[in-house]
Structures are given as C-alpha cells and as structure tokens.
Amino acid sequence: MAIEFGLTPDTRRDTGLHELVGAAGDAGFTALGMHAWHSDAAAAEALAAGGLRCHEVLPLIPTADEEATLPQA
C-alpha cells in the first residue's frame, strides 16, 4: 500500500489554479484539493498537465462576514 500526500489550499487566498497546481507539484504532492468553482474541464486539464489528481472538492463555507462570503458564492 502506498501513501499519497494531497495539498488542501487555503480558501481565503485568491491563488490561481495554475499557480496552485505548480506549487503542489513542485512540493512533491500527488493530489490537490480544488475549490468548488474550479470543478470544470479546464481544472481537470490543469491537474492532468501537472501530474496531479483532485482528492477533494472544497465547499463554500458561509460566514457571518457577508463581504467575505458573497464573492465566493
């Protein structure tokens, strides 16, 4: 049995998909958690090009801070 390491990005950061894929691959991760708004064919292609897979889809987490939550929605 092999152990695989996946990176879960900080959803409070506005980091681009390609930047996340590159950083995760450079750091030796084999999987990357994806924001729900990145769950499309372009994200799948970016992951494949970076040699990664998606190990989780991160949900929108509503907070009391409406100004922080609404842009993510």
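Structure first, text after, so check above.
Residues numbered from 1 in each chain as written. Predicted model: local features only at pLDDT ≥ 70, side-chain atom pairs only at ≥ 80, totals over all residues. Heavy atoms only, no water.

1. As for the sheet that holds strand β3 (residues 53-58)
Inference 1: Pairing in this open sheet of 3 strands is parallel, and the strands run β1-β2-β3 from one edge to the other. Two strands bound the open sheet, and with one partner strand each, they are β1 (6-7) and β3.
Inference 2: Here β1 pairs with strand β2 (residues 31-35) via 2 bridges, running parallel. Directly across from Leu7, in β2, lies its bridge partner Leu32. (Pairing = 2+ DSSP bridges. Helix = DSSP H or I, 4+ residues; strand = E, 2+ residues; numbered from the N terminus.)

2. Observations concerning helix α1 (residues 17-26)
Inference 1: Listed as buried for α1 are Leu17, Leu20, Val21 and Ala24. On an axial view of α1, the arc spanned by its buried residues comes to 100 degrees, and they lie on one face. Residues His18, Glu19 and Asp26 are exposed on α1 and point more than 90 degrees away from its buried face.
Inference 2: Residues of α1 that are buried in the fold lie against β1, β2 and α2 (41-49).
Inference 3: Of the residues trailing α1, Gly28 is marked for its positive phi of about 95 degrees. (Buried < 20%, exposed > 50% of the residue type's maximum accessible area, 1.4 Å probe, protein only. Arc of directions from axis to C-beta. Contact = heavy atoms within 4.5 Å.)

3. Considering the pattern of salt bridges
Inference 1: One pass over the full model with this rule turns up 1 salt bridge.
Inference 2: Among the salt bridges present, the one from Arg53 reaches Glu4, with a minimum N-O distance of 3.0 Å. Taken as a pair, Arg53 in strand β3 and Glu4 in the segment before β1 lie far apart in primary sequence, 49 residues in all.
Inference 3: Residue Arg53 is classed as partly exposed on the basis of its relative accessible area, which comes to 42%.
Inference 4: The exposure class assigned to Glu4 is partly exposed, which follows from its relative accessible area of 39%. (Salt bridge = Lys/Arg side-chain N within 4 Å of Asp/Glu carboxyl O.)

4. Overview of α2
Inference 1: Among the residues of α2, those classed as buried are Ala43, Ala46 and Leu47. Along α2, the residues classed as buried sweep out an arc of 100 degrees about the axis, all on the same side. Within α2, the exposed residues directed more than 90 degrees away from the buried face are Ala41, Glu45, Ala48 and Ala49.
Inference 2: In this structure, the buried residues of α2 make contact with α1, β2 and β3.

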